[in-house]
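# Architecture and fold: a report
Each chain, written out:
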Amino acid sequence: MSEWFDETLHDAYHQGFKIREVLFESKTEHQHLIIFESGSFGRVMALDGIIQTTERDEFIYHEMLAHTPLFAHGNAKNVLIIGGGDGGLLREVLKHPEVESVVQVEIDQAVIDMCVEYLPNHSAGAYDNPRAEIVIGDGIDFVKQCSRQFDVILSDSTDPIGPGEVLFTSPFYQGIQRCLKSGGIFAAQNGVAFMQPDEVSTTHKRLSPLFADTAFYTAAVPSYVGGIMTFAWASDSSAARELDLATLTSRFMNSGIQTRYYNPALHMGAFALPQYLVDSL
Ligand code: AG3
């Protein structure tokens, strides 16, 4: 008899993964955590019944969330990551030689520990990198109180349900604004547009009073079902977002960073939105 993992993100539509073996399952201090071997996507990690990351397609999401803002910025020395306990985003950020320090604020120590153990290729040693500093705490408290400012801030949160909900609110975005250096860039996972259509319009409404430049870019991540995943983008200037292909290409080539999804042409194209999203802004 085989067991299936049925994702509970949407009310009347779901995706299922065959479970070959449960590697870890527990109720942590903050949420239900499961890591299992699937028949199709390699190892899979879910929180509160919602797929967070899979071995097979994580590169798409983590490369796009890290490299799009980092290459657009061009000289990010200090980076802040909110969430991202599986370590995949930290791994990609640390590939940038110009990055001197990364602070990662993750609410759930158990997610970090269990992903290091059962999804070791996600962090790939990143948590031992001397440029990384891990803070266990709630991202909203951190951005409200922090005395440091960052060149790039990345929100690698869960969906706006449970512990992740506050990371989509105006008070959180106000905290981001106070922690972002002038010319800095904020990027955040913002849901699958076709399935969670209100997320784009709500985030746009909340970010646009605070930042001169608010935009969205997209990538198709198979395990986030329903079409394109959106990433929110905010900055006090549109200069970084409007860079030309030649500049991005020379930054990418000079970095020596190897990618499997991201490249400069895709970076530029990712900001082109389908008309139903343009109309929803
Ligand atoms: N990022 C989670 C994205 C959740 C998406 N779910 C959805 N809308 N289908 C967190 C983990 C990746 N590091």
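The present account deals with the structure reproduced in this document. (Residues numbered from 1 in each chain as written. Predicted model: local features only at pLDDT ≥ 70, side-chain atom pairs only at ≥ 80, totals over all residues. Heavy atoms only, no water.)

Moving on, we come to unusual backbone geometry. The backbone phi angle of Asp48 is positive, close to 45°, even though this residue is not glycine. Along the polypeptide, Asp48 turns up in the loop between strand 4 (43-47) and strand 5 (50-54). The backbone phi angle of Ala124 is positive, close to 45°, even though this residue is not glycine. Relative to the helices and strands, Ala124 resides in the loop between helix 4 (120-123) and strand 8 (132-136). (Helix = DSSP H or I, 4+ residues; strand = E, 2+ residues; numbered from the N terminus.)

Taken together, Leu9, Gln52, Tyr61, His62, Asp86, Asp156, Ser157, Asp159, Gln189, Val192, Gln196 and Tyr224 make up the full set of residues near the ligand. Between a nitrogen atom of the ligand and a side-chain N or O atom of Tyr61, the distance comes to 3.0 Å. Contact with the protein chains removes 98% of the 400 Å² of surface that the ligand exposes when unbound. When residues of the shell around the ligand are traced back to their parent elements, those giving at least two are helix 1 (58-73) and strand 10 (180-192). For the shell around the ligand, the class distribution of residues is four nonpolar, five polar and three charged. (Near = heavy atom within 4 Å. Polar contact = N/O pair within 3.5 Å; in protein donor to acceptor, adjacent residues only side chain to side chain. Areas by Shrake-Rupley, 256 points an atom, 1.4 Å probe, with all protein chains shown as cover. Nonpolar A, V, L, I, M, F, W, Y, C, P; charged D, E, K, R; others polar.)

Below, the discussion takes up the nonpolar core. Membership of the largest hydrophobic core comes to 43 residues, with the highest contact counts inside it found for Val79, Val93 and Tyr217. Of all elements in the fold, only helix 1, strand 6 (78-83), helix 2 (88-93), strand 9 (150-156), strand 10, strand 11 (213-220), strand 12 (228-235) and helix 8 (245-255) reach the threshold of two or more residues within this core. Sorting elements by how many residues they give to this core places helix 1 first, with nine residues. Beyond its immediate chain neighbours, meaning those up to four positions away, Val79 contacts Leu70, Val93, Val99, Ser101, Val102, Val103, Phe150, Val152 and Leu154. In terms of nonpolar packing, the next biggest core, distinct from the first, is built from 28 residues, Cys146, Cys179, Leu207 and Ala232 among them. (Core = buried A, V, L, I, M, F, W, Y, C linked by side-chain atoms within 4.5 Å. Buried < 20%, exposed > 50% of the residue type's maximum accessible area, 1.4 Å probe, protein only. Contact = heavy atoms within 4.5 Å.)

Fair warning: the whole summary comes from geometry, so function is off the table for now.
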